[in-house]
Amino acid sequence: MGIFKDKGVVYKPVSYVDLGPHSHDVYISPKVKAPRMAGFLVTIFAWFLESRIFGPILLYILKKDNLIHRLVSFADLEESPVFVPLHPDEGLEEQQIKCIESDLSPPEQVQKATECLQFSEYMVKNRKFSFYRWTIMDYSKAYTSGRITPRLVADQFVAAVRESSKPEFQMSFFIDYNIEDILKQATESTLRYEQGQALSVLDGVPIAIKDEIDCLPYPTTGGTKWLHKVRQCTDDACCVKRLRLCGALLVGKTNMHELGAGTSGINPHYGATRNPYDRTKVAGGSSSGSAAVVSSGLCPAALGVDGGGSVRMPAALCGVVGLKPTFGRVPHSGVLPLNWTVGMVGILAGTVEDAFIVYAAISDQSRTHQPTTVSIVEVTVPEIEVMRLAHYLTIGSECSNAIACHLEKLDMAELGGDARVALSVYGAFNSREYLNAQKIRNRQMQFHKNIFAKADVIVTPTTGVTAYTLYDDALKTGELDYINGAALVRYQISGNFLGLPAVTVPVGYDKLGLPIGLQFIGRPWSEATLIHIAFAMQALCISDYKKPQVFYDLFNQD
């Protein structure tokens, strides 16, 4: 395709780029040129892309029209590539932060975290709520007092999941859940409480796991119908092991966008996860099920994996908290290696406090937080659209490489239409494009390091749009809606591409009553500061939180 070579952008060296509020850098809206497709059109488009005759031509046009060629493929950059966004731990001095010992067990880390939450309970005491989700501490106190038992909660949970699967709901929260295993865990937890031997405040608390993370006794499908056949799940992921040590009630594998290769959460194999605030809207992807089970009250927290906003995006659309830690903060062993330099295990929770408790259980070298202060300055984050495209090229290349050995033997009919299209595009990226994307990663890491020399956090909307309509024509094939997709991920890319910690908090609703999230992006290893700022924002908004249309109260017996 050399004869079609486009002219690429020549980027100024990082030192010449103005990051101040009066920078001449113009924010470019996502230049997405692609019509929405679903149903038979997706299947036909996938066939053309897979064709040896038409495929290369179509892929060239797609990359050119969407500015990948101009901004990434043929760009001229002087920076060297950075392949993994690892940040040295430089002993960040956060204000009034309490560091804990690095050799504590997960239950001990959780205990330290709950001790630091006493001030938050004081701040919300006597506050009037229009709607309230039961928290991890609520579960723990109810179990300890004997008001309810983990076994009764498990029974309520199973009944609620069954109801959510009825034709009038079709919420598609889970890919798999095992009633026998759930009840066994709950019975064991109940016995521990009766004997006064609860392992931690997480003992008996329902927590769901995205089906991208190994969790026995379930296969790990990655949202596909075939991946678990070629990759066996033989052990729990490290993060799951840590939750088990704390006594968490692991209630099943949540639904997700197939291979994590989309933003809607529509899965043609296991159903489209619906938004609890309006079941005619998408839940967001790819951790769609994890966000929806928390939003609907089935679990106070769930694990997801965030490779391109895949925790924060559905959290924002479903009105819950989403926390993505710094790259390397949570061990990645036992997680499908679909996007290993941009993906991180993240947490979805009903409150910031619950996200913090789960974070304490699964993370390495946790810090706990106490009151702090923030500075406010205006900055310009340059080349946002360039970063989005470079991230897309990176995550696509990594996903394609991760499953390349299986694709030759795979019957493409086993893939959903939108996944087939995504894999065709991913496979079209070449080494020059990948290297240029990593050079852009270097630029952005330098930009953000300079910004964080002045600012504590970067504050943005979490998504560019709220939850959009889930159409029936997409249910069996998935859909191609790159315009909405680009708007959803626009503000979240730096967290993944640069390995930065980020958190989203619900702050309000649009005119249709759909949730809006506000995102805070922090310096590497600054989760403690982020969590405190998120809690302060939550304290301002929590009284006005609204109850989803689809909601289950596991405490109150009918």
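The structure presented is a predicted model; accordingly, all values stated were derived computationally and were not measured. (Residues numbered from 1 in each chain as written. Predicted model: local features only at pLDDT ≥ 70, side-chain atom pairs only at ≥ 80, totals over all residues. Heavy atoms only, no water.)

Caption draft 1: The side chain of Ser-288, seen in detail. Among the secondary structure elements, Ser-288 is positioned in helix α11 (residues 288-295). Under the relative-accessibility criterion, Ser-288 is labelled buried at 0%. A distance of 3.4 Å separates the side chain of Ser-288 from the side chain of Thr-273, its partner in a polar contact. (Helix = DSSP H or I, 4+ residues; strand = E, 2+ residues; numbered from the N terminus. Buried < 20%, exposed > 50% of the residue type's maximum accessible area, 1.4 Å probe, protein only. Polar contact = N/O pair within 3.5 Å; in protein donor to acceptor, adjacent residues only side chain to side chain.)

Caption draft 2: Geometry of the packing of aromatic side chains. Using the criterion set out here, one finds 15 aromatic pairs in the structure. Relative to Phe-174, the ring of Phe-157 lies with its centre 5.8 Å away and its plane at 85°, an arrangement referred to as edge-to-face. Separated by 17 residues along the polypeptide, Phe-157 in helix α7 (residues 150-164) and Phe-174 in strand β3 (residues 174-176) bring together distant segments of the chain. A relative accessible area of 1% places Phe-157 in the buried class. Among the aromatic residues, those joined into a cluster by ring pairs are Phe-129, Tyr-132, Trp-134, Tyr-139, Tyr-143, Tyr-193 and Phe-555. A cation over an aromatic ring shows up here: Arg-147 above the ring of Trp-134, its NZ or CZ 5.5 Å from the ring centre. (Phe/Tyr/Trp six-rings, centres within 6.5 Å; stacked < 30°, edge-to-face > 60°. Lys NZ or Arg CZ within 6 Å of the ring centre and 35° of its normal.)

Caption draft 3: Structural context of the pattern of salt bridges. Tallied over the entire structure, the rule returns 20 salt bridges. A salt bridge links Arg-151 to Asp-155; the nearest nitrogen and oxygen atoms lie 3.4 Å apart. With Arg-151 and Asp-155 both in helix α7 and four residues apart, this pair spans about one turn of that helix. Judged by relative accessible area, Arg-151 falls into the partly exposed class, the value being 32%. Judged by relative accessible area, which is 34%, Asp-155 ranks as partly exposed. Here the salt bridges do not stand alone but share partners, grouping Arg-36, Asp-473 and Glu-479 into one network. (Salt bridge = Lys/Arg side-chain N within 4 Å of Asp/Glu carboxyl O.)

Caption draft 4: Fine view of unusual backbone geometry. Put simply, Leu-216 and Pro-217 share a cis peptide bond, and its omega is 10°. Along the chain, Pro-217 falls in the loop between β4 (206-210) and α9 (227-230). The step from Gly-285 to Ser-286 runs through a cis peptide bond, and the omega angle for that step is 5°. For Ser-286, the location among the structural elements is in the loop between β9 (278-282) and α11.

Caption draft 5: Structural view of helix α8 (residues 179-194). With 16 residues, α8 ought to run about 22 Å at 1.5 Å a step, and its terminal C-alpha atoms sit 22 Å apart, in line with that. Within α8, the full set of buried residues consists of Asp-181, Ile-182, Leu-183, Gln-185, Ala-186, Ser-189, Thr-190, Arg-192 and Tyr-193. The inward-facing, buried residues of α8 contact α6 (136-145), α7, α10 (238-245) and β5 (249-254). For α8, the capping residue at the N-terminal end is Asn-178, with a side-chain oxygen 3.1 Å from the backbone nitrogen of Glu-180. Downstream of α8 by one or two residues, Gly-196 has phi in the positive range, about 70°. (Expected span 1.5 Å × (residues − 1). Contact = heavy atoms within 4.5 Å.)

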